[in-house]
Amino acid sequence: MENTDAIIKLENIQKTYHKKEKELNVLKNLNVEFYSGQLYAIMGHSGNGKSTLIHILGLIDQFDDGEYHIYSQNVKNLNDKESSYIRMKNIGFVFQEFNLVPTLKAYENVMVPMLINDEIKPKERKIKAIELLSIVGLKDRINHFPKELSGGEQQRVALARALANNPNIILADEPTGNLDEKSEKDIFLLLKELAQNGKCVIVVSHSSEIKKYADKVYILDNGKLEGEN
Ligand SMILES: Nc1ncnc2c1ncn2[C@@H]1O[C@H](COP(=O)(O)OP(=O)(O)OP(=O)(O)O)[C@@H](O)[C@H]1O
Ligand SMILES: [Mg+2]
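So, here's what we can say about the structure. Remember, it's a predicted structure, so these values are computed and weren't measured experimentally. (Residues numbered from 1 in each chain as written. Chains lettered and ligands numbered in written order. Predicted model: local features only at pLDDT ≥ 70, side-chain atom pairs only at ≥ 80, totals over all residues. Heavy atoms only, no water.)

## Side note on the site of ligand 1
In the vicinity of ligand 1, 13 residues are found, and the nearest of them are Ser46, Gly47, Lys50, Ser51 and Thr52. For ligand 1, an oxygen atom lies 2.8 Å from a polar atom in the backbone of Ser51. Between Thr52 and ligand 1, the recorded distance is 2.6 Å, taken from a side-chain N or O atom to an oxygen atom. Burial of ligand 1 by the protein amounts to 61% of the accessible area it has alone, namely 640 Å². If you tally residues by element for the shell around ligand 1, the top one is helix H1 (residues 50-57), at three residues. In terms of residue class, the shell around ligand 1 is built from three nonpolar, eight polar and two charged. (Near = heavy atom within 4 Å. Polar contact = N/O pair within 3.5 Å; in protein donor to acceptor, adjacent residues only side chain to side chain. Areas by Shrake-Rupley, 256 points an atom, 1.4 Å probe, with all protein chains shown as cover. Helix = DSSP H or I, 4+ residues; strand = E, 2+ residues; numbered from the N terminus. Nonpolar A, V, L, I, M, F, W, Y, C, P; charged D, E, K, R; others polar.)

## Here we look at the sheet that holds strand E3 (residues 39-43)
The pairing of strands in a sheet comes from backbone hydrogen bonds and takes either a parallel or an antiparallel form. Read from one edge to the other, the open sheet built from six strands follows the order E6-E7-E8-E3-E9-E10, with strand pairing classed as mixed. Unpaired on one side and paired on the other, strand E6 (91-94) and strand E10 (224-227) mark the two borders of the sheet. Taking the axes of each pair of neighbouring strands and ignoring which way they run, one obtains an average angle of 20° across the sheet. Sheet topology places strand E7 (residues 169-173) next to strand E8 (residues 200-204); five bridges connect them, and they run parallel. Of the residues in E8, the one forming a bridge with Leu171 is Ile202. Relative to the sheet, H1 contacts E3, E6, E7, E8, strand E9 (216-221) and E10, its axis offset from that of E7 by approximately 155°. With respect to the sheet, helix H2 (residues 80-90) is in contact with E6 and E7, its orientation differing from that of E6 by roughly 80°. (Pairing = 2+ DSSP bridges. Axes fitted to C-alpha atoms, helices over the stretch in contact; angles between N-to-C directions. Contact = heavy atoms within 4.5 Å.)

## Section: the nonpolar core
Within the largest apolar cluster, 41 residues are counted, with the highest numbers of intra-cluster contacts made by Val110, Leu133, Val157, Ile170, Leu191, Val201 and Val203. For this core, the secondary structure elements donating two or more residues are E3, helix H3 (106-111), helix H4 (122-135), helix H5 (151-162), E7, helix H6 (181-196) and E8. Ranked by residue count, the leading element in this core is H6, at six residues. Residues contacting Val157, with those up to four places away along its chain left out, are Leu100, Ala106, Asn109, Val110, Leu133, Leu138 and Leu149. Ranked by size, the runner-up nonpolar core spans 32 residues in total, among them Leu27, Ile42, Ile56 and Ile202. (Core = buried A, V, L, I, M, F, W, Y, C linked by side-chain atoms within 4.5 Å. Buried < 20%, exposed > 50% of the residue type's maximum accessible area, 1.4 Å probe, protein only.)

## A short note on the pattern of salt bridges
For the structure shown, the criterion picks out ten salt bridges. Here Lys121 ties to Glu124 by a salt bridge, and the two come within 3.7 Å at their closest N and O atoms. By relative accessible area, Glu124 is classed as partly exposed at 35%. Taking the shortest distance from any N to any O, the salt bridge between Asp140 and Arg141 comes out at 3.4 Å. (Salt bridge = Lys/Arg side-chain N within 4 Å of Asp/Glu carboxyl O.)

## Examining the environment of Leu225
Mapping Leu225 onto the fold places it in strand E10. Taking relative accessible area as the criterion, Leu225 reaches 10% and is therefore assigned buried. Between the C-alpha atoms of Leu225 and Lys28, which are 197 residues apart in sequence, the distance is 9.6 Å. Setting aside its immediate chain neighbours within four residues, Leu225 contacts Leu30, Val32, Ile42, Leu53, Tyr218, Ile219 and Leu220.

## Examining the packing of aromatic side chains
Within this structure, the stated rule accounts for five aromatic pairs. Judged by centre distance (4.8 Å) and plane angle (80°), the rings of Phe34 and Tyr40 are edge-to-face. Overall, Phe34 belongs to the buried group, its relative accessible area being 0%. Relative accessible area serves as the criterion here: at 4%, Tyr40 is assigned to the buried category. A centroid spacing of 6.2 Å and a plane angle of 85° characterise the contact between Phe34 and Tyr218, whose relative ring orientation is edge-to-face. One end of the pair, Phe34, is in strand E2 (residues 22-34); the other, Tyr218, is in strand E9, with 184 residues separating them in the sequence. The pair formed by Phe34 and Tyr218 is uniform in burial state, with each residue classed as buried. Joined through ring pairs, the aromatic side chains of Phe34, Tyr40 and Tyr218 make up one cluster. Over the ring of Tyr107 we find Lys126, and its NZ or CZ is 4.6 Å from the ring centre. Directly above the ring of Tyr218 sits Lys216, whose terminal nitrogen or CZ lies 5.4 Å from the centroid. (Phe/Tyr/Trp six-rings, centres within 6.5 Å; stacked < 30°, edge-to-face > 60°. Lys NZ or Arg CZ within 6 Å of the ring centre and 35° of its normal.)

As structure tokens, this is what we get:
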């Protein structure tokens, strides 16, 4: 059987924020495994730690205790350079607020992650960026600046950018938070297609629409993930 190995494995992950004299235990002995070819939804009330979790998964934030293995590699002992390399090779991140560079055109925004990837030759970068924008349905918007694009279009540029280095893992933190129903559906369909093409896609969402697309729904509650189906 193929794909029996989890590509992401979290064991007893703990994360506490310290603010003045208060301690906030956001993640408490959280255990979960994620596999390729699956679309996962992570839901739960505001403030329950969903962004904290997805930032830890994306090697953007640190955890306090527990084990995180990505492709069987323990990330705990990696230095910044090593974790940046793992992130660049394996992970595409889609932020709720798009985080596009306003002074760069759509295709230039998509090229940004490629600039640190030696495996993509400089002259291939623009071609690849245009290909990715075509995949997300923006072939005729490649020269637009972010402010010349609708919210849904900006989020699709952000998704194309997340795919720039052909990562196997796509992490999206409320990728449709600011979008109307039609744009939301477009994004969920694209994410679903990526999972069907073999990627591991993890989406934090408040929208119950995601349940129609997800292979597995988790609820983050009291510091732990509970499977809903
Ligand atoms: N850097 C920080 N320092 C202290 N507390 C923090 C920090 N970041 C987040 N928190 C707190 O940790 C809790 C979890 O935050 P997080 O952003 O992960 O929640 P969330 O589930 O993503 O919420 P939302 O659905 O509103 O985006 C919140 O109560 C938040 O106030
Ligand atoms: Mg959040």
